[in-house]
Amino acid sequence: MNILPKKLYNKWILSNDKLKMLNWRELNGCPKIVDASYSGYTGIKIFKFPTSDSFNSFAYPDITNAYEHFKLNLLKEVTKKKSEVFGNFKVLKMFLANFSTGGKWDTKFIEVFPGRDKLGRVQYAIFNDKIVPGNYLSNHLYGFLCASIGIPENVSKFIARMYSKGFIEPLISGEIPNKTLLKFRDPIADQQAISAGYNDFRKSKLN
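Now for a look at the structure at hand. (Residues numbered from 1 in each chain as written. Predicted model: local features only at pLDDT ≥ 70, side-chain atom pairs only at ≥ 80, totals over all residues. Heavy atoms only, no water.)

1. Regarding the pairing of strand β1 (residues 124-127)
Of the two faces of β1, both are covered, the one formed by Tyr124 and Ile126 as well as the one formed by Ala125 and Phe127. As judged from the four bridges shared by β1 and strand β2 (residues 130-133), these two strands associate in the antiparallel manner. Residue pairing across strands places Ala125 opposite Val132, the latter belonging to β2. Taken together, β1 and the strand that follows it, β2, pair antiparallel across an intervening segment of two residues, in which Asn128 is found at a positive phi of about 50 degrees. (Buried < 20%, exposed > 50% of the residue type's maximum accessible area, 1.4 Å probe, protein only. Helix = DSSP H or I, 4+ residues; strand = E, 2+ residues; numbered from the N terminus. Pairing = 2+ DSSP bridges.)

2. So, the pattern of salt bridges
Using the criterion set out here, one finds nine salt bridges in the structure. In this structure, Glu84 and Lys81 form a salt bridge, with 3.9 Å as the shortest nitrogen-oxygen distance. Glu84 sits in the partly exposed class, given a relative accessible area of 30%. Under the relative-accessibility criterion, Lys81 is labelled partly exposed at 27%. With a shortest N-O distance of 3.4 Å, Glu153 and Lys157 are connected by a salt bridge. (Salt bridge = Lys/Arg side-chain N within 4 Å of Asp/Glu carboxyl O.)

That's the geometry; what it means functionally is another story.
See below:
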C-alpha cells in the first residue's frame with residue numbers, strides 16, 4: 001500500500017533511474033516491485049554464469065575488471081555529488097534510490113554480473129580469484145561506497161539490516177513493508193561482503 005501522495009512519490013522517489021530500471025525489469029520478465037526478500041529471476045546476462053560453486057575455476061566468467069571499472073566510476077559520481085551544495089543529502093538520496101533491490105547499483109540486475117537465473121538459482125562468477133555469488137558484489141559495492149563517504153562500518157551494516165526488514169521501504173518505494181519482508185533477515189554472508197568492501201577501500205590508495 002502506497003503511503004505517499006502521487007505527486008510527492010513522483011518527485012522524491014520515482015527518479016528517472018528508478019523508472020528506467022522498472023522498465024528494464026518489466027522487459028526482462030521480472031516483477032515491477034522487488035524488495036530485499038525477492039529471490040527470483042534478475043534478468044538476462046551476457047555471460048553463462050554457473051548456478052553451482054563446485055566447478056573448477058575456469059568454468060566461471062571472471063568479472064573482476066568489469067566490476068572494478070563499474071565501482072570506480074560510481075566512486076567518481078558519488079564524490080562529485082558530495083562536493084555539491086547539500087552534497088551529503090544528495091548522496092543519501094542517491095544511495096536510497098540506487099542501492100535498493102533492483103536498483104541501478106544492484107549488480108544482480110546488471111547484464112555483466114551474476115544474479116539469479118529463471119529458476120531463481122544463484123549464479124556465480126570469479127572475482128579477485130575467488131568464486132562468489134551474485135549477492136556478494138552488490139554488498140561489496142555498498143560497503144566500498146559507504147566507506148568512501150565516511151559512514152562507519154557498524155552504521156552501514158545496521159542500515160543494511162533495517163533495509164532488509166523493510167523499515168526503510170517507505171523512503172524507497174513509498175510503501176509500507178509486507179509481512180514477508182518484515183520477517184526477512186539480512187544474511188550473514190551479505191554482512192561479511194559489506195566488510196570486504198570496507199577492507200578493500202581501506203587497502204586502496206583512495207582513502
